[in-house]
Amino acid sequence: MSVRPGQSTARVLSRETLSPHLVRLVLGGDGLAGFASTGVPDEWVGLVVPGQFQSRYYTVRTWRDDALTIDVVVHDEGLVTAWAQTDCVGDEVTLSEPKGSFALPDDAAWVHLVGDLTALPAMARIAEQVTDRPVRIWAETQEVPGYFATDPTDPVDTEVTWIPAAGGSRLAALVETIEWPDGPGYFWMAGESAQMREIRRYVRRSLGWGSDRHDLMGYWSATRPRQTRAIDPGPIYARGKAAGKSDEEIWAEYDELRAGQ
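So, how was this worked out
Residues numbered from 1 in each chain as written. Predicted model: local features only at pLDDT ≥ 70, side-chain atom pairs only at ≥ 80, totals over all residues. Heavy atoms only, no water. Helix = DSSP H or I, 4+ residues; strand = E, 2+ residues; numbered from the N terminus. Contact = heavy atoms within 4.5 Å. Pairing = 2+ DSSP bridges. Salt bridge = Lys/Arg side-chain N within 4 Å of Asp/Glu carboxyl O. Buried < 20%, exposed > 50% of the residue type's maximum accessible area, 1.4 Å probe, protein only. Axes fitted to C-alpha atoms, helices over the stretch in contact; angles between N-to-C directions.

### Observations regarding the side chain of Arg61
With respect to the helices and strands, the residue Arg61 is situated in strand S4 (residues 56-64). Among all residues touching Arg61, those that are not within four sequence positions of it are Arg24, Thr69, Asp71, Pro121, Ala124, Arg125, Glu128 and Tyr147.

### Thoughts on the pairing of S4
Pairing between strand S3 (residues 44-48) and S4: four bridges, direction antiparallel. Counted as the bridge partner of Val45 is Tyr58 from S4. In terms of strand pairing, S4 meets strand S5 (residues 67-73) through four bridges, oriented antiparallel. Counterpart to Trp63 in the pairing with S5 is Leu68. Adjacent in sequence and paired antiparallel, S4 and S5 are bridged by two residues, among which Asp65 carries a positive phi angle near 55°.

### Quick word on the pattern of salt bridges
In this structure the tally under the stated criterion is eight salt bridges. As a salt-bridge pair, Arg11 and Glu92 come within 4.0 Å of each other at their nearest N and O atoms. Of this pair, Arg11 sits in strand S1 (residues 8-19) while Glu92 sits in strand S6 (residues 92-95), and the two are 81 residues apart along the sequence. What makes Arg11 partly exposed here is its relative accessible area of 42%. Residue class for Glu92 comes out partly exposed when judged on its relative accessible area of 22%. Salt bridges sharing common partners tie together Asp107, Asp212 and Arg213.

### Things to note about the sheet that holds strand S9 (residues 159-163)
By definition, the strands of a sheet pair up through backbone hydrogen bonds, in either a parallel or an antiparallel sense. Reading across from one edge, S9-S8-S7-S10-S11 is the order of the five strands in this open sheet, with parallel pairing throughout. In the strand order of this sheet, the two ends are held by S9 and strand S11 (214-220), each with one partner. Ignoring which end each strand starts from, the neighbouring axes of this sheet average 10° apart. Bridging between strand S7 (residues 111-116) and strand S10 (residues 186-192) involves five bridges; their strand directions are parallel. Each residue of the ladder has a partner; that of Leu113, found in S10, is Trp188. Strand contacts of helix H2 (residues 120-129): S7, strand S8 (135-140), S9, S10 and S11, with the helix running at about 160° to S7, the strand carrying the most contacts. Sheet strands in contact with helix H4 (residues 193-206) are S10 and S11, and its direction is about 155° off that of S10.

Written out as C-alpha cells, the structure is:
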C-alpha cells in the first residue's frame, strides 16, 4: 500500500474473537516505526484494509511494545466487517495519524463513562489510564467477560454496570436516571448519534454543564442507511494487484468507472 503524509502501514500480527460481535486485531511491523500515540485515552485512527479505498475510524485499544491493538465491532455488513471476519493475519493495512478528544479537568473528582458496544475500547482504555480518581462505567451491550478487568495493583476500583441492548439504544433515558456525585467531575460518552444529541441537550440544559465537563461523540447512526456502492471496489483492487498496478493506479481506475455510470 502507498502511504501519504501522516499515514503508517502495519501488518495484522494476530486476530482474536472476543465475543460474537467483537474481534481483536493486533497490528505491528516496520511500517509503524513512525507512528506516535497521542497518549489521549480515546484516541482513534482511520483504518484502510485490503480491497478498500475508504477509511473507517477505530479506537486504539492499546499501544505498547511497538504493537497497536484495535477491537473491531462486527456488523451485518460494512467495509471492514467482512475483512475482519476472515483469516486476515499477515494482511497489510494503512492507518491515519491518531487523534483524541478526552480532556479531563484537573479538578474533576470523578469520571463517568457511558456507551454502547462501539464505545467499549475507549471506555476500557480510559479506565486503565485514569487511576487517580474513581471511574464508573455503564455499557449498553451484552457482557463481554473480562473486558474491563482491572489490574489488581490499581488502587481505584472501576464499577461496571452492564445494560442489555435490545430494540435500539436507550442510553439517553439511562443518563437521565444517573445520580451524579457531588462536586466537579467529567462525563464521557459515545454511541448512536441521535442518542448523543439527546444527551447533549440534557447535559447542557438540565444539568447546566459546560463543554469542559463532558465529551459526547456519535460513533454511528441508526437512521442513516449505509451507502451502497454501485461498483464494488474489491474485485477492482484484486484485479489491479494481480496486474501489478499501484494503489494510485487502481484508485484512478475505480474513479473512472464511477464517473462513467
